[in-house]
Amino acid sequence: MNIILLGPPGAGKGTQSHRLVAERDMIQLSTGDMLRAARSSGTAMGKRVAAVMDAGNLVTDEIVIGLIDEQLSNPALDGKGFIFDGFPRTLAQADALGALLDSKGLKLHHVIEMRVDDDALVARITGRFTCSNCGAVYHDETKPTKKHNVCDNCGAVEQFTRRKDDNEDSLRTRLLAYYRDTSPLIGYYYAKGLLDRVDGLGSIDAVAGEIDEILTR
Ligand code: AP5
């Protein structure tokens, strides 16, 4: 099964993707994570996109479509279900994803829109921290680690980082990009009969339950 998690920054796409990977053995394809990896390994592309990402703007369609194409062409991932997290984000990306899936004989099963209001997003983004060892995502208030400074998932000690674009200025730009470039995808996938919605304001478990209900329908 191949699905898209669609929602504004901080909607919980990454959090729910990690759970689906663990519980359903799916593959998370997060263009944000791929770009951050390119950036920290110092590739030419990573250096090019760093300032764009920090400011909260979108990286070019060409770059992100290339990243997804590379993953979908990886024979090691044949037969796995994909979670597209943070991709597509523009109509051009959505068309390109459709063409890529067609060319590989794959199809899209669900597009799940995660709805969260803007006030909640600010609190989520400014409280987020991530384990740099395993990528587990936490929050100062809604999802703290069980033991202070120790990752619940991998046990790494004092390995937490906060993203450079997780500040109110970048968030404003990211939200603008979401409403301007990405929200038209809601109508695009609705017209294709693929759209489902969940209330992203619920607890992490409640959102997970709504997603499971859609995937097992
Ligand atoms: P990306 O990494 O995709 O960031 P984003 O879309 O802004 O989404 P986030 O990762 O910020 O949020 P999320 O929805 O995953 O929330 P999370 O689960 O972490 O993109 C970053 C940048 O890369 C872009 O700005 C752009 O520059 C570039 N880029 C990436 N893809 C691109 C593309 N396709 N095209 C062009 N450019 C692209 O949760 C957030 C916090 O809330 C966490 O602390 C979590 O613990 C907490 N939380 C989650 N769920 C709940 C809940 N239900 N209740 C309470 N707290 C919760």
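Preceding this section is the structure that the text describes.
Residues numbered from 1 in each chain as written. Predicted model: local features only at pLDDT ≥ 70, side-chain atom pairs only at ≥ 80, totals over all residues. Heavy atoms only, no water.

> What is the right way to read helix α6 (residues 118–126) from this model?
Each full turn of the α-helix corresponds to 3.6 residues, which orients residues three or four apart in the same direction. When α6 is considered as a whole, its buried residues turn out to be Ala120, Leu121 and Ile125. On an axial view of α6, the arc spanned by its buried residues comes to 130°, and they lie on one face. On its buried face, α6 sits against β5 (128–131) and α7 (168–182). (Buried < 20%, exposed > 50% of the residue type's maximum accessible area, 1.4 Å probe, protein only. Helix = DSSP H or I, 4+ residues; strand = E, 2+ residues; numbered from the N terminus. Arc of directions from axis to C-beta. Contact = heavy atoms within 4.5 Å.)

> Help me understand the site of the ligand, please; the structure alone is not making it clear to me.
Around the ligand there are 36 residues in total, and Thr15, Asn57, Arg89, Arg128 and Arg174 lie nearest to it. Take Thr31: an N or O atom from its side chain is 2.8 Å from a nitrogen atom of the ligand. In the environment of the ligand, an oxygen atom lies 2.7 Å from a nitrogen or oxygen atom belonging to the side chain of Arg89. Relative to its unbound accessible area of 1,000 Å², the ligand is 97% covered by the protein chains. Listing elements by their share of the shell around the ligand, those giving two or more residues are α1 (13–24), α2 (31–40), α6, β6 (137–139) and α9 (204–215). Considering each element in turn, the shell around the ligand owes the most residues, four residues, to α2. (Near = heavy atom within 4 Å. Polar contact = N/O pair within 3.5 Å; in protein donor to acceptor, adjacent residues only side chain to side chain. Areas by Shrake-Rupley, 256 points an atom, 1.4 Å probe, with all protein chains shown as cover.)

> Where do I start with the packing of α6 against α7 in this structure?
How two helices sit against one another is set out by the angle between their axes and by the gap between those axes. Their axes nearest at 11 Å, the elements α6 and α7 cross at an angle of 130°. If you check the angle between α6 and α7, you find them oblique. As for how α6 packs across α7, the hand of that crossing is right-handed. Of α7, the residues touching α6 (which contributes Asp118, Leu121, Val122, Ile125 and Thr126) are Glu168, Leu171, Arg174, Leu175 and Tyr179. Its residues placed into classes, the contact of α6 with α7 shows six nonpolar, one polar and three charged. (Axes fitted to C-alpha atoms, helices over the stretch in contact; angles between N-to-C directions. Parallel < 35°, antiparallel > 145°, perpendicular 65-115°, else oblique. Left-handed = near helix turned anticlockwise from the far one by under 90°. Nonpolar A, V, L, I, M, F, W, Y, C, P; charged D, E, K, R; others polar.)

> Is there a simple way to explain the packing of α7 against helix α8 (residues 184–191) in this structure?
Where α7 contacts α8, the axes come no closer than 5 Å and their chain directions differ by 35°. Across the interface between the two elements, Tyr178, Tyr179, Arg180, Asp181 and Thr182 of α7 pack against Pro184, Leu185 and Ile186 of α8. Considering only residue class, the contact of α7 with α8 consists of five nonpolar, one polar and two charged.

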